[in-house]
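Examining the three-dimensional arrangement
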Amino acid sequence: GNVIYKNVKQRAAVSDKKVVRIKTMGGAIDVNHAMHGADVMTMGGNIHVHTAKEFVKAKTMGGNITIDNIDGYVKANTMAGKIKVTMTGDPKKKKRHVWLVSGSGDIKLTIPKGLSMDIELEIAFNKHSAGNYRFFTPFKIDETHTDQWHIVKGEAKKYVYGKTIVGNGKHKIKISTKNGNIYMEEK
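Bear in mind the structure is a predicted one, so any value in this text is a computation, not a measurement.

Another aspect to go through is unusual backbone geometry. For Glu 54, which is not a glycine, the phi torsion comes out positive at approximately 75°. Along the chain, the position of Glu 54 falls in strand E5 (residues 47–60). A positive phi angle, near 70°, is found at Lys 94, a position not held by glycine. In this fold, Lys 94 is placed in the loop between strand E7 (83–87) and strand E8 (98–102). A residue is classified by how much of its surface remains accessible, and Lys 94, at 34% relative accessible area, is partly exposed.

Turning our attention to the confidence of the model for the protein chain. Model confidence for the protein chain is summarised by a mean pLDDT of 92, while 93% of its residues fall at 70 or above. For the stretch residues 9–16, pLDDT sits under 50, and the model shows four contacts to residues farther than four places along the chain or on other chains.

Burial along strand E2 (residues 20–24) is one-sided: the residues Val 20, Ile 22 and Thr 24 are buried and none of Arg 21 and Lys 23 is. Direction of pairing for E2 relative to strand E4 (residues 38–42): parallel, over a ladder of five bridges. Bridge assignment links Arg 21 to a residue of E4, and that residue is Asp 39.

Okay, the pairing of strand E9 (residues 107–111) next. By the criterion of burial, E9 is predominantly enclosed, with four of the five residues buried. Note: E7 against E9, four bridges, orientation parallel. In the strand pairing of E9, Thr 86 is matched with Thr 110. Where E9 lies against strand E16 (residues 182–186), five bridges are found, and the strand directions are parallel.

What counts, and where the lines are drawn
Residues numbered from 1 in each chain as written. Predicted model: local features only at pLDDT ≥ 70, side-chain atom pairs only at ≥ 80, totals over all residues. Heavy atoms only, no water. Helix = DSSP H or I, 4+ residues; strand = E, 2+ residues; numbered from the N terminus. Buried < 20%, exposed > 50% of the residue type's maximum accessible area, 1.4 Å probe, protein only. pLDDT = per-residue confidence, 0-100. Contact = heavy atoms within 4.5 Å. Pairing = 2+ DSSP bridges.

See below:
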């Protein structure tokens, strides 16, 4: 069933720093605060992390993933659903790598201004889709498109790839989706 983690107070002692760890066979996961990181997984359902520091690892077999405020790095994967992540904090501090994968749906990443990144983007689409999916970013992306249909796991797909480096490229940003758009913005 659904798991809601909120109004949980952790002791101030350094030795009591705990990562929020939640795994469920099905149902939504809702985490208010994860001040030392979150590692959450559901076999089916939405995941919502409101505020986290250090990192968020989120995985659902079917559902949307929303991370409202992460001051750290992110690894999020959904087999079918949208992903929306807002990264906050000082872009020069902490690990800020991002790995976002959706088997079907739009992905939106908001990053703090001044973040140095090595960006790799990928959109796959099948013959039954509109095929007009794009990257929407404030950065100049070098795009390549496949002309041929590639058979992957019994399904014909074409791909759009995008790459660029911003600043010194310190943080790896990898975003991949199928039949969806990729949005990036700075705030």
